[in-house]
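Structural overview
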Amino acid sequence: MKKRMESDLLLKIISVVFAFLLWMFVINTDNPVIKKTFSDVPVDMLNEQVLDDLNQTYKIESGDTVSFTVKGKKDVVDRLTKSDFRATADVSSMSDVHAIQIEVEALRYKSQLDIDTGGATVKVVLEDVKSDQIPVNVVVKGTPASGYTVSTQTATPNLISVSGPKSVVSRIKQIVAKVDVSGLKKDVTMTQNIKCYDEDGDEVSQDRIKLDTTKIKVKIGLSRTKTIPFTVETKGTPGKGYVLGSIDYEPKHIEITGAEDDLEKISSIKLANLDISDSTKSIEKTIKASDIKLPDGITFVKSVDKIKNIVIRANIEKKTKRTLTIPTGQIALINNTKNYDVKFDDSELKVKISGLRSVVDKVVVKDLNPKIDMQLYEPGTHTVQVQLTKIKNMSIEENVSAKITVE
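My aim in this report is to walk through the structure given alongside it, one point at a time.

Quick notes on the rules
Residues numbered from 1 in each chain as written. Predicted model: local features only at pLDDT ≥ 70, side-chain atom pairs only at ≥ 80, totals over all residues. Heavy atoms only, no water. Pairing = 2+ DSSP bridges. Helix = DSSP H or I, 4+ residues; strand = E, 2+ residues; numbered from the N terminus. Salt bridge = Lys/Arg side-chain N within 4 Å of Asp/Glu carboxyl O. Buried < 20%, exposed > 50% of the residue type's maximum accessible area, 1.4 Å probe, protein only. Axes fitted to C-alpha atoms, helices over the stretch in contact; angles between N-to-C directions. Core = buried A, V, L, I, M, F, W, Y, C linked by side-chain atoms within 4.5 Å. Contact = heavy atoms within 4.5 Å. Polar contact = N/O pair within 3.5 Å; in protein donor to acceptor, adjacent residues only side chain to side chain. Phe/Tyr/Trp six-rings, centres within 6.5 Å; stacked < 30°, edge-to-face > 60°. 1 Å grid on protein atoms, 1.4 Å probe; cavity = no way out; pocket = protein on both sides within 12 Å on 5 of 7 lines; lining within 4 Å. Points joined across faces, edges and corners; volume = space filled by probe spheres on them. Nonpolar A, V, L, I, M, F, W, Y, C, P; charged D, E, K, R; others polar.

Looking at the pairing of strand S3 (residues 65-73)
Direction of pairing for strand S1 (residues 33-46) relative to S3: antiparallel, over a ladder of eight bridges. Paired with Pro42 across the bridge in S3 is Thr65. Of the strand pairs in this sheet, S3 and strand S6 (residues 114-116) are connected by three bridges, and their pairing is antiparallel. Counterpart to Val70 in the pairing with S6 is Ile115.

And the structure:
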């Protein structure tokens, strides 16, 4: 009996050991140790303030992200994502060659994992820190409501303190706040974001610099506007046989701004008084926009730099004469309410015209629009005045009459 009991105990011990080995085999078969690589995990920089005492800052040359391998049980590793890890680089541990060791820490299952970064480092370039004060420029876009213009634009503050790498801060020439004034009819104050620009108008990234504020208040003041014509006056008359034609200049009109009471007093702006006395050829005169005199309190909506110079040309042309034949059949009878029958003694009339050759040579009977007002006449024989339309830069030498019989 004793031998049999000892034999059963040994058998039980062997069974337990076998069961344990079998369990270990199954566990390692179903849940083995595996490796998994995670890539492009951002690296957080620690203790950056240690460079402040040295008045320096850094720029990452390489290593702003890291790839690493994680080793652990399959059921644990399979649950992990990049967000379960934090990668850091301690600036205070920077080496003489400006390399900082990257450490990766698991945020969960830490004790069940082995992490291998392969000795990854962040490599940086050190640079001196520069501080400066940069002026704010308000840029207006859009157009206010009709009859209004932007008269003032004030930024608060108008200077921004900027600090950062010397190479970046030195590029910044202005800080801009863009304001949309489309459709505005009254003064407004608004809060705007700001951006930094270099001398070429290219935006400078704010990632590596510090500004004492990133938003400013901009006050936009509006004033009324009015569009009025420019005028040019002449004195004297051209030489014998010559006449003044058109007077050319651009712009013909200009927009001004100011107080409403002041605007109401202005109907035009005189550019020049040209002396054309005895002239036989065209006269030109250049007016500098900056020389145009405006009443006190009135300004141009456009700056004089945009208006530039105004060239005035008084076209002097040789005078010409011509006799035009008007068929009486082309004379209109107006106000013939009694339906009188009208007969002309002559089949055609002659009219003498004079003026600019460019005008006189092109005139036809239709342009003169000849007509007789019949409400003035009763049946009988009459000598009547033929009405002719006046044409610019041309004159009719004498009255034109016709003999008619009204029945």
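Read on for the rest.
Regarding the pairing of strand S17 (residues 253-257)
Two strands pair when backbone bridges link them, and strand S15 (residues 215-235) and S17 are joined in this way by five bridges, in the antiparallel orientation. In the strand pairing of S17, Lys226 is matched with Ile256. The sheet contact formed by S17 and strand S20 (residues 299-300) spans two bridges and is antiparallel. Residue pairing for S20: Ile256 is matched across the bridge by Phe300.

Focus: the pattern of salt bridges
In the structure shown here, the tally under the stated rule is twelve salt bridges. For the salt bridge of Arg171 with Asp198, the shortest nitrogen-to-oxygen distance reads 3.1 Å. Residue Arg171 is found in the loop between helix H3 (166-169) and strand S10 (174-180), and its partner Asp198 is found in the loop between strand S12 (195-197) and strand S13 (203-204); the two are separated by 27 residues along the sequence. The exposure class of Arg171 is partly exposed, given its relative accessible area of 38%.

Here's the deal with the sheet that holds strand S28 (residues 401-406)
Spatially, the three strands line up as an open sheet ordered S23-S28-S26, and their pairing is antiparallel. One side of each edge strand has no neighbouring strand; the edge strands of this open sheet are strand S23 (342-344) and strand S26 (380-385). Averaged over all adjacent pairs, the angle separating strand axes in this sheet is 35 degrees, with direction ignored. With six bridges joining them, S26 and S28 adopt antiparallel strand pairing. By the bridge assignment for S28, His382 is matched with Ile404.

Quick notes on the nonpolar core
Within the largest apolar cluster, 27 residues are counted, with the highest numbers of intra-cluster contacts made by Val351, Val363, Leu368, Val386 and Met394. With four residues, the top contributor of residues to this core is strand S24 (residues 348-356). Each residue touching Val386, except ones within four places of it in the same chain, is listed here: Ile331, Leu349, Pro370, Lys371, Ile372, Val400, Ser401 and Ala402.

Considerations on the side chain of Thr225
Counting through the fold element by element, Thr225 comes out in strand S15. On the basis of relative accessibility, which here comes to 13%, the residue Thr225 falls in the buried class. There is a polar contact of 3.1 Å between the side chain of Thr225 and the side chain of Glu255. Apart from the residues lying within four places of it in its own chain, the contact partners of Thr225 are Gly147, Tyr148, Thr149, Glu255, Ile256, Thr257, Leu263 and Val301.

Focus on the environment of Val43
Position of Val43 among the secondary structure elements: in strand S1. For the pair Val43 and Ala87, spaced 44 residues apart in sequence, the C-alpha to C-alpha distance is 4.8 Å. Setting aside its immediate chain neighbours within four residues, Val43 contacts Gly63, Asp64, Thr65, Val66, Ala87, Thr88, Ala89, Ile102 and Val122.

Considering the packing of aromatic side chains
Tallied over the full model, the rule gives three aromatic pairs. Measuring from centroid to centroid gives 5.1 Å for Phe68 and Phe85, while their planes differ by 65 degrees, and the two rings are edge-to-face. Here Phe85 lies in strand S4 (residues 85-90) and Phe68 lies in strand S3, a separation of 17 residues in the sequence. You'll find Phe68 and Phe85 in the same group, each marked buried. Through pairs of rings, three or more aromatic residues link up here, namely Phe38, Phe68 and Phe85.

Looking at unusual backbone geometry
Cis geometry marks the peptide bond from Thr156 to Pro157, where omega comes out at -5 degrees. Looking at where Pro157 falls in the secondary structure, it is placed in the loop between strand S8 (148-156) and strand S9 (159-165). Note the cis peptide between Glu250 and Pro251, where omega equals 0 degrees. Although it is not a glycine, Asp40 sits at a positive phi angle of roughly 55 degrees. Its location among the elements puts Asp40 in strand S1. Residues other than glycine seldom take positive phi values, yet Asn335 does so here, at roughly 55 degrees. Structurally, Asn335 can be placed in the loop between strand S22 (332-334) and S23.

Looking at the layout of surface pockets
A probe matching the size of a water molecule, rolled over the atoms, marks out where space remains unfilled. By volume, the largest pocket amounts to about 450 Å³. Considering the residues around the largest pocket, the lining is formed by 18 residues, among which Glu48, Thr57, Tyr58, Arg208 and Lys210 are closest to the centre. Residue assignment for the lining of the largest pocket shows that the elements contributing at least two residues are strand S2 (56-62) and S9. It is S2 that contributes the most residues to the lining of the largest pocket, five residues altogether. Broken down by class, the residue content of the lining of the largest pocket amounts to six nonpolar, six polar and six charged. The volume enclosed by the second largest pocket comes to roughly 370 Å³. Of all elements in the fold, only S8, S15 and S17 reach the threshold of two or more residues within the lining of the second largest pocket. At four residues, the largest contribution of residues to the lining of the second largest pocket is made by S8.

Interpretation in functional terms is not warranted from these geometric data alone.
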